[in-house]
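In case you want the letters, here they are:
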Amino acid sequence: MNLKSFSRARAVHLMLVYTGGCNGCDIEIVNCVLSPKFDVEQYKVFLTWNPREADVLLVSGPVTRFNEEPLKKIYEAIPEPKAVVAAGSCALMGGVYKNIHGDIPSEEIMGPVENIIPVDAKVPGCAVRPEDLISGVVAALPKLLEAD
Amino acid sequence: MTEDKRPIKQEIIETEVSMGTVHPAALEPYRVRLFVEDEIVKDAEITVGVNHRGIERIMEGLPVEKANALTEKVCGICSNAHIWNSVLTAEKGLGIEIPQRANYIRVIVEELERLHSHCLYLAHGSEVLGHETFSMRAFYLRETAMELLRMIGGNRVQYGASIIGGVRPRCELNEMRLQKIADGMDTFEKGILDFADRFSSDPIVMSRIEGIGVISQKQAKELEVTGPCLRSTGLAQDLRTVMKEYEDFDFEVITQDDGDVKSNILMRVLEVPESIKIIRQAIKNLPKGPIIDRSWEMFDCDTIKSYIEVPRGTLYHSYGIEDGRVRGSIIRTPSMTNIGAMQLACIGDHITDAQLCIVQCDPCFTCTDRAIEVIKI
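Note that the structure is predicted; figures quoted are calculated from it, not measured.

Student: When you look at the confidence of the model for chain B in this model, what are you seeing that I'm missing?
Tutor: Low pLDDT marks regions whose predicted coordinates should not be analysed in detail. Residues of chain B with pLDDT of at least 70 account for 95%, and the chain-wide mean is 88. Interface confidence for the predicted complex, given as ipTM, is 0.90, next to a pTM of 0.92.

And the structure:
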C-alpha cells in the first residue's frame, strides 16, 4: 500500500445525490452514517454534500428529467479517482416508476443511473438495507485506493 | 397573540439568495429563493417539481391491488400511511368491513410509523440547528421503531402491511411479536423521556430555537396548514379523533402555543408518548380472529375520497374503479399544504435560520411533487 492509498483509506468521503426516488433509500443511507447502530464514521467514512471533497458518489432514485443535468455536473465536479455506487432498485433499473404496465407509462424517468454516468457498484433492495449498502461501498473502494 | 407576517413587495429586490435544486444544506432537491435585506429574509419562495415522477399517471389503468402497492412508493418515510389510505379508499367504495384484528394491526403499524417519523424529524431538525449529538441520539432511538417494523413487515422501509380486506398474513402478530413490541415501547418511552429532558434543559439549544419561525394561528388557518404544524400554533385539530379506525383508542391531542421552532420540536416529542399509549392499548385489547376477509367482490365505483391523519398532517386519496382498474387518481400529501407555512415562517428571521424555519414544518418534498392545480380564491 503506497502513501496515497494509505491516506485515502483514512478519509473516505461519501456524497449522497438524490435523484427523485421515494426518500426511503436516502434516509437509510444517512442512517448508515449517522445512526450509532451502523455508524460508518468509526471507520473514517464521512458523509458530505460537497462534490469537491467527495470520493464516492452514492446515487439513489430513478433519474427524473430535471435531475439529469445536475447529476452529470456533480459527477464531473468530483475529482479523480472517484467511484459511483448506485443504491436501490430505482437506481439500478428504474424501479416501479419506469414502467409497470399501466395505461400511460411515466415520461419523467430518464432511466437508470447507468444511462447517465458510469456505475461501479450496484446495491439492490427496495429500500436498501444499511448492511448491504456498507458492503456495496466497501466493494467499490479498491478502485479508489488502487488508483495512482 | 403573534402578529401576521406579510411578504414585503418591492420594486427592487436588494439581494436574492437562491438555493437548489441540489444544495449541500438541503437533503432533498427543491429550490428556495430568499429575498434578503440586511441579512433579514423579506420574502421566500419555494419551488417543487424536480422529483415529479407521475405516480397518479402510472396508477391510471392498473389493477386496484397493484395500484395500492404502488402508492406506498410515493414516500419512503410515511409509506404505510399511503398504502393504508389507498386501501381504505377502495374499501370505502366497495363496502368492505375488515376484521377488527386487522384494524388493530394497521393502527399499530401506523403508530410505529409515527414514532419513527417524529424521531426522524427530531434528528433532522437537530442536525440543521447544528447539534449532531442530539441528531445521533434521535437516530438511535429511531432504530427501535425500525427494528419493530422490520419484524412485522419484513422490510425496514416499505413494509406493505395493508391489503384490501385486512392485512397481509405475514404481518400477523403472535405472542412473541406482541411481547417484542411491548418491550420496544418500554425502551422507546424511556429513551424519549431522556431525550426530552436533556433537550429542554439545554440553554444553548433553547436560545437558538426560541422565537424564530413563528406562524400565527390565524395565518396557519388561512393557509390550511395541517398536522403537528397546525397543532403547534394552539389549535387542537386531529383527524384521529374522528376517524372510525381510532374510536377504540384513548389518547390526547397535544397542542403548543407559540408556533415557533421550539413548539414544533416539543410538539413532536410530546406526541410520541401518546402514540406509545395507543400501541399499548392495541396490544392489550388485540381481538382474536382472522386478519383478512377475502370474501369481497369488485364492482365499478364513482370517485371515492378518503382522508386520514398521518405523521405530517392530513392525507387525501381519491380514485374511481372501472373493471377492477383505477381511474382518475388524486393524491394530496400533507407537505403540499404546508409549503405556504414554510415560506411564511422564514420571513422576518435571520438568513442563517431560514433552513431551520423550513425544516420546522417537516417537509417531505418527495411526496409533495404531485401534479397540482392552484386555484385562486
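We are not done yet, so read on.
Student: Would you explain the sheet that holds strand β8 (residues 325–332) of chain B in this entry?
Tutor: Within a sheet, each strand pairs with its neighbour through backbone hydrogen bonds, oriented either parallel or antiparallel. Residue and element names in this part refer to chain B. The strand order β6-β7-β8 describes an open sheet built from three strands, whose pairing is antiparallel. Every other strand in the sheet has two partners, leaving β6 (301–310) and β8 as the edge strands with one partner each. Along the sheet, successive strands turn relative to each other by an average axial angle of 15 degrees, direction set aside. Here β6 runs beside strand β7 (residues 313–322); their pairing, made up of eight bridges, is antiparallel. Of the residues in β7, the one forming a bridge with isoleucine 308 is leucine 315.

Student: Could you clarify how one ought to interpret the sheet that holds strand β5 (residues 121–123) of chain A in this entry?
Tutor: Residues and elements named next belong to chain A. If you trace the five strands from one edge of the open sheet to the other, you get β2-β1-β3-β4-β5, paired in parallel fashion. Of all the strands in the sheet, the pair left with one neighbour each is β2 (45–48) and β5. The mean angle between the axes of side-by-side strands here comes to 25 degrees, regardless of whether they run parallel or antiparallel. Relative to β2, strand β1 (residues 12–18) runs parallel, the two sharing four bridges. When the bridges of β2 are listed, methionine 15 appears paired with threonine 48. Docked against the sheet, helix α6 (residues 130–145) engages β1, β3 (56–60), β4 (83–87) and β5, running at close to 160 degrees with respect to β4.

Student: Could you clarify how one ought to interpret the interface of chain B and chain A in this entry?
Tutor: Counting from both sides, the interface comprises 44 residues of chain B and, opposite them, 41 residues of chain A. Three residues stand out in chain B for area buried against chain A, namely Leu27, Arg53 and Arg57 of chain B, and they jointly supply 17% of the buried area on that side. The tally of links between chain B and chain A comes to three salt bridges. Between glutamate 131 of chain A and arginine 150 of chain B there is a salt bridge, with its nearest N and O atoms 3.8 Å apart. Within the residue set of the side of chain B that touches chain A, elements represented by two or more residues are α1 (55–59), α2 (64–71), α4 (100–128) and α5 (132–153) of chain B. At 10 residues, α5 of chain B tops the list of elements feeding residues into the side of chain B that touches chain A. Among the residues making up the side of chain B that touches chain A, the classes are represented as 19 nonpolar, 11 polar and 14 charged.

Student: How do you make sense of unusual backbone geometry when you look at a structure like this?
Tutor: A negative phi angle is the norm for most residues apart from glycine, just as the trans form is the norm for most peptide bonds. Residue and element names in this part refer to chain A. Geometrically, the link from glutamate 80 to proline 81 is a cis peptide bond, its omega value of -5 degrees lying close to zero. Tracing the chain through its elements places proline 81 in the loop between α3 (68–77) and β4. Following cysteine 126, the chain continues to alanine 127 via a peptide bond in cis, the omega torsion being -5 degrees. The backbone of asparagine 23 sits at a positive phi, close to 80 degrees, despite the residue not being glycine.

Student: Would you mind going over helix α6 (residues 175–200) of chain B with me for this structure?
Tutor: Note on helix geometry: an α-helix contains 3.6 residues per turn, so any two residues three or four positions apart are oriented the same way. If you check α6 of chain B, its first and last C-alpha atoms are 37 Å apart, about what 26 residues at 1.5 Å a residue would give, namely 38 Å. For α6 of chain B, the set of buried residues is Arg177, Leu178, Ile181, Gly184, Met185, Phe188, Gly191, Ile192, Phe195, Ala196 and Phe199 of chain B.

Student: What should I look at first to understand helix α2 (residues 24–34) of chain A in this one?
Tutor: Of all 11 residues in α2 of chain A, 11 are buried; the element is thus mostly enclosed. Those residues of α2 of chain A that sit buried are Gly24, Cys25, Asp26, Ile27, Glu28, Ile29, Val30, Asn31, Cys32, Val33 and Leu34 of chain A.

Student: Even after reading the chapter, I still don't get the nonpolar core, so can you show me in this structure?
Tutor: Soluble globular proteins: nonpolar side chains tend toward being buried together. Residues and elements named next belong to chain B. One finds Leu112, Leu115, Ile181 and Ile209 to be the most contacted residues of the largest nonpolar core, which totals 123 residues. Here this core takes 13 residues from α4, the largest share from any one element. Residues in contact with leucine 112, not counting those within four places in the same chain, are Ala145, Leu148, Leu149, Ile152, Met185 and Ile279. Membership of the second largest hydrophobic core comes to 25 residues, among which are Ala44, Ala220, Ile339 and Ala341.

Student: Help me understand the environment of arginine 33 of chain B, please; the structure alone is not making it clear to me.
Tutor: All names here are of chain B. Along the polypeptide, arginine 33 turns up in strand β2 (residues 31–37). Residues arginine 33 and glutamine 343 lie 310 residues apart in sequence; the distance between their C-alpha atoms is 9.7 Å. Contact partners of arginine 33, with chain neighbours within four places excluded, come to Glu16, Val17, Ser18, Asp43, Ala44 and Glu45. A polar contact of 2.9 Å, which involves the side chain of arginine 33, links it to the side chain of glutamate 16.

Rules of the game
- Numbers given for residues are sequential positions, taken from 1 along each chain in its written order.
- Lettering of chains starts at A and numbering of ligands starts at 1, both following the order in which they are written.
- Only residues with pLDDT of at least 70 are given local features in this predicted model, and only at 80 or more are side-chain atom pairs given and counted; all residues enter the totals for whole chains, interfaces and linings.
- The side-chain values count all of the structure's non-hydrogen atoms but skip hydrogen atoms and water molecules.
- Values of pLDDT, ranging from 0 to 100, describe the predictor's confidence in every residue of the model.
- Two strands qualify as a pair provided that DSSP identifies no fewer than 2 bridges between them.
- In DSSP terms, a helix is any run of H or I states spanning at least four residues, a strand is any run of E spanning at least two, and both are numbered starting from the N terminus.
- Here, axes are lines fitted to C-alpha atoms. For helices the fit covers the stretch in contact, and angles between N-to-C directions go from 0 to 180 degrees.
- Note on contacts: a residue pair qualifies if any of its non-hydrogen atoms lie within 4.5 Å across the two residues.
- Values labelled buried area give the accessible surface lost by two parts on being combined, using a 1.4 Å probe and summing over both.
- Salt bridges are counted wherever a side-chain nitrogen of Lys or Arg sits within 4 Å of a carboxyl oxygen of Asp or Glu.
- Residues were grouped as follows: Ala, Val, Leu, Ile, Met, Phe, Trp, Tyr, Cys and Pro as nonpolar; Asp, Glu, Lys and Arg as charged; and all remaining residues, including Gly, as polar.
- The span one expects for a helix is its residue count, reduced by one, times 1.5 Å.
- The buried label goes to any residue with under 20% of its type's maximum accessible area, the exposed label to any with over 50%, and the partly exposed label to all in between, with areas taken from a 1.4 Å probe on protein chains only.
- Only buried Ala, Val, Leu, Ile, Met, Phe, Trp, Tyr and Cys residues count toward a nonpolar core, and they belong to the same one when joined by side-chain atoms within 4.5 Å.
- In the analysis that follows, any N or O atom pair within 3.5 Å is treated as a polar contact, provided that within protein one partner can donate a hydrogen and the other can accept it, and provided that, for residues neighboring in sequence, both atoms belong to side chains.

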